[in-house]
Amino acid sequence: MRGWGGGSEPRPLPSWTVTSQSLPGLLAELASASVCASMSSLQALCSGLPLRPLPENRGRWAGVPHAPVRTPSLSPAEEQLALRNALRYFPPDVHELLAPEFAQELRLYGHIYMYRFCPDVKMRAYPIEQYPCQTRAAAAIMHMIMNNLDPAVAQFPQELVTYGGNGQVFSNWAQFWLVMSYLSQMTEEQTLVMYSGHPLGLFPSSPGAPRLVITNGMVIPNYSSRAEYEKLFAMGVTMYGQMTAGSYCYIGPQGIVHGTVLTLLNAGRRYLGVKDLTGKVFVTSGLGGMSGAQAKAAVIVGCIGVIAEVDKAALMKRHEQGWLMEVTDSLDHCIERLREARKRKEVLSLGYHGNVVDLCLRRQVSAINRLAKENFFFWDYGNAFLLEAQRAGADVEKKGTNKTGFRYPSYVQHIMGDIFSLGFGPFRWVCTSGDPQDLAVTDQLAASVLEGVVADGVNPGVKLQYADNIRWIREAAKHRLVVGSQARILYSDQKGRVAIAVAFNQAIARGKIKAPVVLSRDHHDVSGTDSPFRETSNIYDGSAFCADMAVQNFVGDAFRGATWVALHNGGGVGWGEVINGGFGLVLDGTQEAEQKAKMMLSWDVSNGVARRCWAGNQKAYEIIRQTMQDDEGLVVTLPHEVADERVLSQALRP
């Protein structure tokens with residue numbers, strides 16, 4: 001047998017004569033040896049850039065997905081600048097060796113990833129106690145970073161892309177090595193500052209300050225175009241962090257599964273007037289990346305999902321992992337199977353290998369327009385699909401509306417926007433022990449907390465949301481959605497998030513949960529994102545294109561106790577179309593952690609509800625009024641409606 005510990009130097013295992021009496025001791029010793037090897041590898045990973053000697057340049061790995069080639073169209077002067085910027089991470093005595101290979105990467109792939117420095121260590125979320133750090137916060141951040149780069153989680157791991165095709169954790173591997181080194185050194189009186197993947201350094205701060213502050217893609221507005229982005233990224237000076245890739249908070253596909261489940265349940269209530277989706281048909285497209293969640297969500301809610309996918313590899317991957325029950329490349333069989341399932345009221349996820357246009361028998365938008373007249377309900381559940389369709393010349397315009405209005409609603413305008421206005425959004429947590437038993441404990445605690453909140457009485461408008469989410473968390477384990485770190489997502493409101501955080505922190509203090517828990521959320525949340533064609537598309541007071549909410553959220557989380565905060569340009573709908581932010585908060589069982597959680601989580605939700613209230617959303621108005629009654633320290637400016645519309649027209653009469 002050879003060594004263990006993924007990527008560290010192979011070492012021979014000791015030999016034993018195994019008896020039934022010695023087996024427990026053998027297993028314990030093997031486990032201990034494996035932990036030691038992992039810790040040795042992590043120690044090396046935190047020792048700074050490997051320069052003496054330089055690691056072997058093994059180039060791109062074979063057999064793993066790689067990021068698409070980028071086309072930045074750099075001038076000769078810009079190419080020189082990109083190369084100069086990459087070499088500044090290294091001492092001059094290695095420039096002659098590194099410069100040609102970095103130049104080759106730039107010309108072949110449109111970016112300098114520094115493949116030579118891709119670590120020879122098994123990349124995964126190791127238990128928190130194995131990281132060589134001076135603070136728990138730093139170890140928790142390392143846990144999250146390595147999860148984002150785990151090949152089981154990351155879309156293009158060698159290009160440091162977690163999801164979305166271009167959601168970078170870092171811009172190059174030198175940045176990864178430096179960040180790991182800085183985190184291992186960091187004390188409770190320092191903050192690591194990140195500029196679009198680049199670690200600017202450790203700066204003195206206070207124990208109450210964030211240990212990490214991240215900004216990604218903060219480009220001057222007039223230069224925040226997609227063409228400019230390609231150049232800036234190639235030159236190594238900015239980065240597209242998507243939402244939770246660049247903030248180190250991605251937890252795999254379960255987040256989008258849960259969001260899709262809630263979207264389908266609420267769509268059934270809104271469009272069909274039903275709570276039970278048995279026998280109802282959900283037709284959509286896409287099984288690659290996050291869109292693969294649609295098949296799993298259809299089964300969870302109990303409907304018939306028909307999902308078209310042009311990429312056979314993506315379709316078969318979902319089928320092999322059990323998210324897609326059946327596949328076919330025959331349109332006739334697809335329609336026949338659909339009719340059969342409706343008749344029998346089966347739960348089914350059926351993958352069609354072909355174009356969704358074929359399913360609609362017409363060009364996509366034209367087909368949607370025709371079917372919408374025949375009791376077929378359509379909504380945009382993509383990344384600004386209607387906006388891109390309009391830019392391509394499709395007939396989606398809605399006369400007499402504002403720039404965010406189209407013939408059909410986005411899922412935020414009709415469904416998720418109301419959920420956000422009620423204060424519910426994708427709250428999540430990660431058990432840094434890496435132990436599935438800890439996750440099981442948190443599932444049980446979260447369900448009990450939510451049931452307790454309902455028993456104490458909640459606003460009638462949120463009862464259905466609580467019911468949906470209690471059902472989700474009670475059934476979460478059986479859906480086997482954990483990939484990478486031991487993480488869970490649960491849509492919850494302010495009251496629920498705070499109560500769950502307190503319960504977790506107390507369980508850590510008692511030893512019921514064995515290690516710290518990281519709280520976070522998707523940036524796609526109540527307060528985290530200003531995106532006029534998605535998260536804030538149901539803001540109708542003219543402020544949908546303003547980004548005060550997301551920026552204020554980032555700042556407010558920072559001084560209310562977040563362990564780290566992030567602010568991004570781009571994410572979901574594209575570069576220059578959105579500003580969004582997120583946070584990480586480490587619960588370690590201390591009273592200080594509990595106080596931080598109460599303060600920060602309350603702000604993190606109320607900020608967005610208050611903004612949505614001011615924009616005229618009645619649901620948000622009711623929720624923020626109730627929240628003010630519960631917390632005398634909260635005083636929000638409430639809007640007055642124009643009771644008589646004639647006042648406006650008369651005042652503006654020529």
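In the nomenclature of an unreviewed UniProt entry, the protein chain is known as Urocanate hydratase of Canis lupus familiaris. Per its UniProt entry, the protein chain bears the Cofactor (unreviewed entry) comment "NAD(+)".

So, about the pattern of salt bridges. Counted by the stated rule, this structure contains 28 salt bridges. Here Lys514 and Asp438 are joined by a salt bridge, their closest N and O atoms 3.0 Å apart. Residue Lys514 is located in the loop between helix 17 (494–510) and strand 12 (517–521), and its partner Asp438 is located in helix 15 (residues 436–456); the two are separated by 76 residues in the primary sequence. Classification of Lys514 by relative accessible area gives exposed; the value is 52%.

Time to look at the UniProt feature "domain: Urocanase N-terminal" (unreviewed entry) in the protein chain. When the UniProt feature table is mapped to this numbering, "domain: Urocanase N-terminal" (unreviewed entry) covers residues 123–249. Measuring from the first to the last C-alpha atom of residues 123–249 gives 16 Å, for a span that is 28% helix and 18% strand.

The next thing to look at is helix 16 (residues 463–475). For helix 16, which comprises 13 residues, the first-to-last C-alpha distance of 18 Å matches the rise-based estimate of 18 Å (1.5 Å per residue) to within 8%. Among all positions of helix 16, only Gln465, Tyr466, Asp468, Asn469, Ile470, Trp472 and Ile473 are buried.

Here we take up the state of the cysteines. Scanning all chains against the criterion turns up 0 disulfides. Unpaired in terms of disulfides, Cys249 finds its nearest cysteine sulfur in Cys431, a separation of 15 Å. Taking the relative accessible area as the measure of exposure, Cys249 reaches 1% and is therefore buried. Take Cys303: it sits in no disulfide, and the sulfur closest to it among the cysteines is that of Cys334, at 14 Å. Exposure remark for Cys303: the relative accessible area of 4% places this residue in the buried category.

The next point concerns the pairing of strand 6 (residues 281–285). Of the two faces of strand 6, only the one carrying Phe282 and Thr284 is buried; Val281, Val283 and Ser285 on the other face are not. Where strand 6 and strand 7 (residues 304–309) come together, 5 bridges link them in parallel fashion. Directly across from Phe282, in strand 7, lies its bridge partner Gly305. Regarding the hand of the β-α-β motif, the stretch spanning strand 6, helix 8 (residues 293–301) and strand 7 is right-handed.

Turning our eyes to something else, we now look at the environment of Gly584. Of note, Gly584 is situated in strand 15 (residues 579–587). Among the residues examined, Gly584 registers a relative accessible area of 0% and is labelled buried. For the pair formed by Gly584 and Ser520, sequence separation is 64 residues and the distance between their alpha carbons is 4.9 Å. When near neighbours in sequence (up to four residues on either side) are disregarded, Gly584 contacts Leu519, Ala562, Thr563 and Trp564.

Glancing now at the environment of Arg391. Assignment of secondary structure puts Arg391 in helix 13 (residues 385–391). For Arg391, a relative accessible area of 47% puts it in the partly exposed group. The sequence separation of Arg391 and Ala62 amounts to 329 residues, and the corresponding C-alpha distance is 38 Å. Residues within four places of Arg391 in sequence aside, it is in contact with Arg226 and Glu577.

Rules used in this analysis
Residues numbered from 1 in each chain as written. Predicted model: local features only at pLDDT ≥ 70, side-chain atom pairs only at ≥ 80, totals over all residues. Heavy atoms only, no water. UniProt positions renumbered as here; feature names shortened; annotations may be inferred. Salt bridge = Lys/Arg side-chain N within 4 Å of Asp/Glu carboxyl O. Helix = DSSP H or I, 4+ residues; strand = E, 2+ residues; numbered from the N terminus. Buried < 20%, exposed > 50% of the residue type's maximum accessible area, 1.4 Å probe, protein only. Expected span 1.5 Å × (residues − 1). Disulfide = S-S within 2.5 Å. Pairing = 2+ DSSP bridges. Right-handed = clockwise from strand over helix to strand, strands pointing away. Contact = heavy atoms within 4.5 Å.

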